[in-house]
Each structure stands twice: as C-alpha cells, then as structure tokens.
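# An overview of the molecular structure
Next come the chains, spelled out residue by residue.
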Amino acid sequence: MDFTFTEEQQAAVEAAKAVFAGVAPDGVPSPALTAGAVADDFDRVLWARLADADLLSLLLDPRHGGAGLDAIALCLVLRESARVLARVPLLEHTAAAVVVQAYGGEELKADLLARTGRGELVLTVAANGRTGHDSAELAVTARQEGTTWVLDGLQTAVPWAQNADFVLVPALSSDSGRSVLALVPRAHEGATLAEQISTSGERLGELRLDSVRVPVRDVIEADGAWERLRDLLATGTCALALGLGEGVLRMTSEYTSKREQFGFPVATFQAVAVQAADRYIDLRAMEATLWQAAWRISTGAGGALPASGDVAVAKIWASEGVRRVVQTAQHLHGGFGADTDYPLHRYHAWAKQLELSLGPAAAHEEALGDLLAAHTLG
C-alpha cells in the first residue's frame, strides 16, 4: 500500500493552507458565548476565497471547470479546514456536486456544476434521516407522476440548510423500492425548514417535505448514487475529525511545553508524556484508516470486503479518537482549557458535533461484523 500523495494532491494541500492561513480559531463564533445559533450564515468571505483558489471545483471534471481530482484530495483539504474550524459547507457541497457529476443527467450537470465550482450555487445534503439514527433514504418517500417526482417525509439536522441553494435529499421510491436522490431548492413549495442548532452552535435545519414536486431531470435514479454519496460524506467527516484532532494535539503540545510546575515544563512529566503519546497513536490510526477508506472509494479498488468495510473502520477510529483527543487536551490544560478566551473549548464543541455525526463506534463495529460474516476472507 502506497499512501504517497500525488503532486496534484500536494498542490491542493498547499492551496488550502494558503486560504485557511487567514482563519483564526479565536475568531470563530463560540457556542459558549452565544445564545442560540452562533451566526446566521457561514463564512461567505472564506467561501469566496475557496472559489478563487479553485478548491470548490477540485473534484469536478475539466469540462465543468474543475481539476478532476479525487476524494483523497478532498479529504486533504478538509483536514486543513478543520485545523482552523473553517465555517464553510465544503464537504456537503463537494460531495453533492461529485454525485451529480457521476450520476446526474447531462442537462442537470450543464446547468449546475460549473456554477457550484465557482461558488455561485451552494449545495448541501440531507443525510441524517428522521431521527439521526435511521437510514436517511427511509425518511422520505418518492413517487413519479408523469414528468415530476413527488416527495413526502422529513429529514433532520440538515447542515447549512438555511443558506444553501439546493438540498440533495435521499428518498425511497415507492414504485421500484430503490433509493433515489432529489435536488430540492431551499425555497420551494411544500418544503419547510425549522431551525435546529448543533453542538458547535451552527444552524441546522429540519426539512419537512409535503408533496414537494421535483422535475425528473433533478432526480438521480442510478444504482449506487446514494451509497457513493454516503461514503463520501462519512470519509470526509473522518478527515474533519483528523484535522481537528491534530490541531488540538498541537495546541496541547505547545501549552504543556510552556506551562511549568516545580520548575519544569509539565510536558517533561511522564504521566503527561504518556497521555500525549496515546493520543498521537490515536491520530496515526485515524490517519491510516482514513486514507485506506478514501483510496478505496476513489479508485474502486477491490478487496476482501466492500469499500463500506474500510469506511466503517475509519469511522470507528475517528469517532472514538476525536473524543479521546479533546478529553485528554482538556485534562492536560487544566482549568485553562475551559477558559472561553482560549480556543480549546471551541474545538471541544466541534469535536463533539463530529462524534455525533459519525455515530457510535459500536454501531460501526456491528456493521463491520455483518460484512465479515457475509464475506469469506481468503
């Protein structure tokens, strides 16, 4: 296995570092200091900078104005974004555009993709189902009536729903029993949004669909589209968890190297060094499993298990690892870690939101067990 990044992927990282260098975690709105949602909108200035750096079109084909890169490049950029708590819908926007590009009709692609690459249209995804614990495609039913599809149901905790132009909604076709993806405009007859607030303080939306009519061209019926979207979102969330964890461990290293007790930096104490080393091991495991999953879904390479098995392993490590990293950071910072003048509490809130988004490790272990039971390993 060779996880050496290509020149194009490394160039994407350098471009991301340049864009995110101007983001100060101290300036990110804090849920501890803000009643209700921390802001009405995402960071539009940063969004424009991402568009100018061609990072919104990274995975689009050249004919749509993109660089034609893969999920690994996206994860590299997401990793950088999480290190500074960048408030942009980069994951959802890119994942939705990639699926439209791979599975959508030519008319839809021509109308949508170039504008999404330039940041003129913002996409998000409703992937949490009715409760956040059930399969998202089961929360909405879809039936075709002539040249339109009719959608009914509810999706909870839709990220950036209040500000995106379109929401890509998974649904179950009542005609075929297969999953479809419908592109629903935010302001659309029969579609209503109720405000929800995430652990990180960002606005989410509860999207209710009541006989919402969507033209056939805006519905993706191809087999594998929803699974592809789900794997991209999961792997990208693991990349966010990795970047955030690395940022937190770096903060902790700097703090414990300067903080002294009994005339010595606390980083030199064995108990502190051992805890930091354990978290470093967590991060390296998160990194290895992330790139394995990203490589599988990028290349379509075969393996003893389907790619969903590698995604499940990455989610196990990311969910558990990001929680352990921030808990240890809080412990090693002492009371200073809870000081709202210091950015660690923001990272802690974001880490908890990512952990909730990934779901419990036990559920992914059960899914992995089912895969192992269904596939003979040679």
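One can find the structure itself at the top, above this paragraph.
Report follows, based on the coordinates. (Residues numbered from 1 in each chain as written. Predicted model: local features only at pLDDT ≥ 70, side-chain atom pairs only at ≥ 80, totals over all residues. Heavy atoms only, no water.)

### Details of the overall build of the protein
The condition that has to hold: Secondary structure elements follow DSSP: runs of H or I of four or more residues count as helices, runs of E of two or more count as strands, with numbering from the N terminus. Each radius of gyration is computed over the set of C-alpha atoms, and the globule rule expresses the reference value as 2.2 Å times the number of residues to the power 0.38. Exposure classes here rest on a 1.4 Å probe applied to the protein chains alone. A residue is buried below 20% of its type maximum, exposed above 50%, and partly exposed in between.
Along its length, the protein carries ten helices and ten strands. For 378 residues, the compact-globule estimate of 2.2 N^0.38 gives 21 Å, and the C-alpha radius of gyration of the protein, at 21 Å, lies within 12% of that figure. Projected onto its principal axes, the C-alpha coordinates of the protein cover approximately 80 × 55 × 40 Å. Here the protein holds 378 residues, and 53% of them are scored as buried.

### Observations concerning the nonpolar core
Heads up, the condition is: Definition used in this section: a nonpolar core is a set of buried Ala, Val, Leu, Ile, Met, Phe, Trp, Tyr and Cys residues joined via side-chain atoms within 4.5 Å. Whether two residues touch is decided by their heavy atoms; if any such pair falls within 4.5 Å, the residues are in contact.
With 92 residues, the main nonpolar core has Phe 20, Leu 50, Leu 229 and Leu 244 as its most contacted residues. It is helix α6 (residues 225-258) that provides the largest number of residues to this core, a total of 16 residues. The contacts of Phe 20, once residues within four sequence positions are left out, are Leu 46, Leu 50, Val 77, Glu 80, Ser 81, Val 84 and Ala 86. Counting 19 residues, the second largest nonpolar core, distinct from the first, contains Val 158, Ala 161, Val 167 and Leu 207.

### Comments concerning the packing of helix α7 (residues 270-299) against helix α8 (residues 307-333)
Where we set the bar: Convention adopted: a line fitted to C-alpha atoms gives each axis, helices being fitted over their contacting stretch, and angles between N-to-C directions are expressed from 0 to 180 degrees. The cut-offs work like this: below 35 degrees is roughly parallel, past 145 is roughly antiparallel, 65 to 115 is roughly perpendicular, and the gaps in between are oblique. Here a crossing is called left-handed whenever its near helix is offset anticlockwise from the far helix by less than a right angle, and right-handed whenever the offset is clockwise. Each residue is assigned to one of three groups, with Ala, Val, Leu, Ile, Met, Phe, Trp, Tyr, Cys and Pro labelled nonpolar, Asp, Glu, Lys and Arg labelled charged, and all others, Gly among them, labelled polar.
One can describe the packing of α7 onto α8 by two numbers: an axis separation of 8 Å at closest approach and a directional angle of 155 degrees. Overall, the two elements α7 and α8 adopt an arrangement that is roughly antiparallel. Here the hand of the crossing between α7 and α8 comes out left-handed. Residues belonging to the contact of α7 with α8 are distributed by class as follows: 16 nonpolar, six polar and five charged.

### Quick look at unusual backbone geometry
The phi angle at Leu 85 is positive, at roughly 60 degrees, despite the residue not being glycine. In this structure, Leu 85 sits in the loop between α3 (71-83) and α4 (90-103). Within the chain, Trp 160 stands out as a residue other than glycine whose phi angle is a positive 60 degrees. With respect to the helices and strands, the residue Trp 160 is situated in the loop between β3 (148-159) and β4 (166-173).

### Some details on the pairing of strand β2 (residues 140-145)
For the record, the criterion: Note on pairing: DSSP must find at least two bridges between two strands before they are called paired.
Pairing between β2 and β3: six bridges, direction antiparallel. Bridged to Gln 144 within β3 is Trp 149. Counted between consecutive antiparallel strands, the loop separating β2 from β3 contains two residues, among which Gly 146 sits at a positive phi close to 65 degrees. Bridging between β2 and β4 involves two bridges; their strand directions are parallel. Paired with Ala 142 across the strands is Ser 173, a residue of β4.

### Observations concerning the side chain of Gln 353
Relative to the helices and strands, Gln 353 resides in helix α9 (residues 344-358). Ignoring sequence-local partners within four residues, the contact set of Gln 353 consists of Ser 198, Thr 199 and Ser 200.

### Topic: the environment of Ala 164
If you trace the backbone, Ala 164 turns up in the loop between β3 and β4. Overall, Ala 164 belongs to the buried group, its relative accessible area being 0%. Through-space distance from the C-alpha of Ala 164 to that of Arg 186 is 6.7 Å; in sequence the pair is 22 residues apart. Excluding anything up to four places from it in sequence, Ala 164 contacts Val 122, Leu 123, Thr 124 and Arg 186.

### Notes on the environment of Ala 293
Locating Ala 293 in the fold gives a position in helix α7. With 14 residues separating them along the chain, Ala 293 and Ala 307 place their C-alpha atoms 6.8 Å apart. Once residues lying within four places of it in the same chain are set aside, the contact partners of Ala 293 are Thr 235, Asp 310, Val 311 and Ala 314.

### A word on the pattern of salt bridges
Definition in use: Put simply, a salt bridge is a Lys or Arg side-chain nitrogen that is within 4 Å of an Asp or Glu carboxyl oxygen.
Summed over the entire model, instances satisfying the criterion amount to 28 salt bridges. The partner of Glu 202 in a salt bridge is Arg 87, and the shortest N-O contact between them spans 2.6 Å. Note that Glu 202 is positioned in the loop between β6 (191-197) and β7 (203-215) and Arg 87 in the loop between α3 and α4, a separation of 115 residues in sequence. Like Arg 87, Glu 202 is buried. In this structure, Arg 284 engages Glu 246 in a salt bridge whose closest nitrogen and oxygen atoms are separated by 3.0 Å. Residue Arg 284 is located in helix α7, and its partner Glu 246 is located in helix α6; the two are separated by 38 residues in the primary sequence.

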